[in-house]
Each structure stands twice: as C-alpha cells, then as structure tokens.
Amino acid sequence: MLSSSDAIAAGHAVRGTTSPNPPVGCALYDDAGRLITTGGTEPAGGAHAEIVALRAAGDQARGATAVVTLEPCNHTGRTGPCSHALAEAGVARVVYLTADPNPLAVGGAQYLREQGVEVEFRPTEVADLQPWLTALELERPHVTVKYAASLDGFTAAPDGTSQWITGATAREAVHVDRTKRDAIIIGTGTALADNPSLTARKLDGSLYGNQPRRVVVGTREVPEGNLTQLGYEQYSTLDEALRALYDTGARDVLVEGGAGLLTSVLEADLADRIQAYLAPMLMGGGNGVVMRPLAETLASMPRFALENVQQLGEDLLINLKRKQN
Ligand SMILES: NC(=O)c1ccc[n+]([C@@H]2O[C@H](COP(=O)([O-])OP(=O)(O)OC[C@H]3O[C@@H](n4cnc5c(N)ncnc54)[C@H](OP(=O)(O)O)[C@@H]3O)[C@@H](O)[C@H]2O)c1
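Residues numbered from 1 in each chain as written. Predicted model: local features only at pLDDT ≥ 70, side-chain atom pairs only at ≥ 80, totals over all residues. Heavy atoms only, no water.

Draft legend 1. Representation of the site of the ligand. The environment of the ligand is made up of 24 residues, and the closest members are Thr188, Thr190, Thr219, Leu261 and Ser264. Separating an oxygen atom of the ligand from a side-chain N or O atom of Ser162 is a distance of 3.5 Å. Contact between the ligand and Ser264: a nitrogen atom at 2.7 Å from a side-chain N or O atom of the residue. Alone, the ligand offers 930 Å² of accessible surface; in the complex the protein occludes 76% of this. At the level of secondary structure, the elements contributing two or more residues to the shell around the ligand comprise strand E6 (142-150), helix H7 (188-194) and helix H10 (259-267). Examining the composition of the shell around the ligand, we find that 5 residues originate from one element, H7, more than from any other. Residue composition of the shell around the ligand, by class: 7 nonpolar, 14 polar and 3 charged. (Near = heavy atom within 4 Å. Polar contact = N/O pair within 3.5 Å; in protein donor to acceptor, adjacent residues only side chain to side chain. Areas by Shrake-Rupley, 256 points an atom, 1.4 Å probe, with all protein chains shown as cover. Helix = DSSP H or I, 4+ residues; strand = E, 2+ residues; numbered from the N terminus. Nonpolar A, V, L, I, M, F, W, Y, C, P; charged D, E, K, R; others polar.)

Quick look at the structure:
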C-alpha cells in the first residue's frame, strides 16, 4: 500500500552516512500500490535516493509512483538532477514530503510537472531530515544535547560515580543513536574523568559499521587513553569546533557532556534539541545537568517544546526541541 512510511524508513536507514547531503528515502510503487523497491541516499558523491531506487526498479519504474521524503533535486552537483532521472525513467507520479529549501537544488517539482508527471506535495515533518534542514538554515551543525540523569536532575553521585545511571535498554538506544550522528562532542572534563571511547557499540561490545567523529572541546591536554588510541579531534572553543565540523561536512552533532560544556551550549543558545534520559531514581545531591543558573528568574529560563516521550526499559527518554518564536 502506498504510504509515506517506506520512504521515511529508507531515509532513516542511511541517516549518519550521507552528510553533508540529507538522508533522503525514496519508495517506488506499481499501479496497484504495491511496493516495488526503496532507496536511500548514498554517502556524499554517490547516488541520491531516487537514483538508487530507480536503478533497483529497472523497467518497473515506468508508470510507477515515487514517494520521496525531500523534493527531488533539480541541479547538477556531483550527481545529475533527480527530477530529470525520474521523468526519463517514465515515473508517472511523484509524492514528496518536504519542500527543498536549498536554493541550489530547488525546482524539481516544477520541472516534473512541466514533463507531464503528476506531482503531489504531502507536507510531513520527517524527523531524520530536521537536523539537515536546521544546519542549512543556520550554517552550523544541528546540535542535540544528550544527558542521563536521575529524576531530580543529577548526572553523577556526590563521589563522582555515574556509571550507570540508566539501564541497558537506554544505553543500547544511545549507541544506536550515535551511529546516526556525524560527530559526538564532549568537554575535556569528561575526557579526563571518564576516559570514554565515544564509539557506537553493539551489546556484545563490537563496533557498528558507522562511527561518528569524536570531538573534544577545551584547552586541557587529553592523556593517553581510549580517545587517543581511537583518534579524536580537539578544538579549544565550542565555536571553533562547530565551525570546523560544519566546514568539513558535519550537519548533525551530539553533545554528550559534561555539565561545563552543556552549560556553554545552553548559554550560547546552541541547543536545537535535547535528549534527556531519566532514570527512576532520586539522588538529592551530586553533579547537576548544568553548572550554574541559566537565568535569574523563572520567566527568563530557557524552555523547550516537547517532541515525544519514550519508555526504554525502566527509563524515560524525553525528546525536546527548540521553541519556535
Ligand atoms: N550523566 C551524563 O550524562 C554525563 C555525561 C558526560 C559527563 N558526565 C560527567 O560529568 C563530569 C565532567 O563534567 P565537567 O563539567 O567537569 O566537564 P566537561 O563539561 O566535559 O568539560 C568542561 C571543560 O570543557 C571545556 N569547555 C566547556 N565549554 C567550553 C567552551 N564554550 N569553549 C571552550 N571550552 C569549553 C573547558 O575545558 P578547558 O578547561 O580544558 O579549557 C571546560 O573546563 C564527569 O564526572 C562525567 O562523568 C556525565
């Protein structure tokens, strides 16, 4: 049955591997609405989602309906225009879920209509495209702040112990999420205290195929340890880190702590999204999520919009996003 979910799933499958290009998904259906095939964007320089799907469909693309999470591009970059490829393959109808705001690529829907292809815009918020859209608008990577805390907002006990606040299901979700990001950023404080590897690992400890870049912010030297073995980038300021990451293709980054760095991110109004993993426990003291008040009075405190809440084993994942003015 023709639906948006096949294209969305195809885009989700390639998220984390396509930057600086968006993780787009495409699904092709026959006259009877049966799924022919799907495609997702290949790593930069490779084929776009539509081309991947058209290649897999071969002659079956003639007369088909294509559902695409982003309006087909209409420009020749490292690959040819997808709008032309869809029309040449004889696709009869194109449904797209997000209009392409990229001034360089826009115009695909218009071109397809001119070629006699039926085009429908079905506005849908495709979660996997949001970081890329934000990065395009702000010309810096989309920033998600992630932390694990007790219900009363502590990320470590008074003696500094913090492993593990959340249970295995939540920790597994964190590792899958890392595979979807271009980079993970921590402060030198966390690098020194935890000696983290910042890899995306499966339950058996083996590494996922896609690994984010590992980034440390701060001036202190990171001694020999997990990060130095695996390779990491260090920048002395947050701005420098985000600029360098953007300039080298990163569009979607995760800031994983600690409190010093999270405070800087929030004070600079750089948090586009927050992932709060909350464990069913109270601590009463210890290290807080942020180091100092973000404003003097309640009315001035930054607030975020609730996106959704997920239960992960016994823990909660609260997803928040920047409030639109
Ligand atoms: N539960 C959790 O989710 C979680 C996650 C991560 C960490 N933690 C815990 O947090 C603790 C570490 O926290 P922390 O606050 O000490 O460390 P941190 O936030 O990792 O690092 C603080 C350092 O980051 C650098 N920094 C921060 N903002 C900056 C900016 N705008 N520009 C440049 N540099 C900036 C500074 O480095 P320099 O001083 O070197 O210049 C600062 O001293 C550890 O105990 C760790 O276990 C908990």
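Draft legend 2. Structural context of a nonpolar patch on the surface. On the surface, a nonpolar cluster with roughly 260 Å² of combined accessible area is contributed by Leu306, Val309 and Leu316. What makes Leu316 partly exposed here is its relative accessible area of 33%. (Patch = residues over 30% accessible without salt bridge, like charges linked within 9 Å, V, L, I, M, F, W, Y side chains within 5 Å. Salt bridge = Lys/Arg side-chain N within 4 Å of Asp/Glu carboxyl O. Buried < 20%, exposed > 50% of the residue type's maximum accessible area, 1.4 Å probe, protein only.)

Draft legend 3. Highlighting the pairing of strand E15 (residues 315-322). The sheet contact formed by strand E12 (residues 273-279) and E15 spans 6 bridges and is antiparallel. Opposite Ala276, over in E15, you have Ile318 as the bridge partner. By the bridge criterion, 8 bridges tie strand E14 (residues 304-312) to E15 in an arrangement that is antiparallel. Residue pairing in the sheet places Leu312 in a bridge with Asp315 of E15. Between E14 and E15, which pair antiparallel one after the other, the connecting turn spans 2 residues, and Gly313 there sits at a positive phi close to 60 degrees. (Pairing = 2+ DSSP bridges.)

Draft legend 4. Spatial organisation of the sheet that holds strand E1 (residues 25-29). The strand order E2-E1-E3-E4-E5 describes an open sheet built from 5 strands, whose pairing is mixed. Either end of the sheet is taken by a strand with one partner, and the two such strands are strand E2 (35-40) and strand E5 (118-121). Pairs of neighbouring strands in the sheet enclose a mean axial angle of 15 degrees, with direction left out of account. Bridging between strand E4 (residues 93-96) and E5 involves 4 bridges; their strand directions are parallel. Counted as the bridge partner of Tyr96 is Phe121 from E5. Against the sheet, helix H1 (residues 5-14) touches E1, E2 and strand E3 (65-68), its axis set at about 145 degrees to E1. The sheet strands contacting helix H2 (residues 49-57) are E1, E2 and E3, and the helix crosses E2 at an angle near 140 degrees. (Axes fitted to C-alpha atoms, helices over the stretch in contact; angles between N-to-C directions. Contact = heavy atoms within 4.5 Å.)

Draft legend 5. Spotlight on the sheet that holds E15. The sheet built from 8 strands is open, its strands ordered E10-E9-E8-E11-E6-E12-E15-E14 with mixed pairing. Each end of this open sheet is capped by a strand with a single partner; those strands are strand E10 (233-235) and E14. Pairs of neighbouring strands in the sheet enclose a mean axial angle of 25 degrees, with direction left out of account. For strand E8 (residues 183-187) and strand E11 (residues 252-255), the ladder comprises 3 bridges, and the chain directions are parallel. From the neighbouring strand, Ile184 faces E11, where its bridge partner is Leu254. Taken strand by strand, H10 contacts E6, E8, strand E9 (213-217), E11, E12 and E14, and its axis lies near 135 degrees from that of E6.

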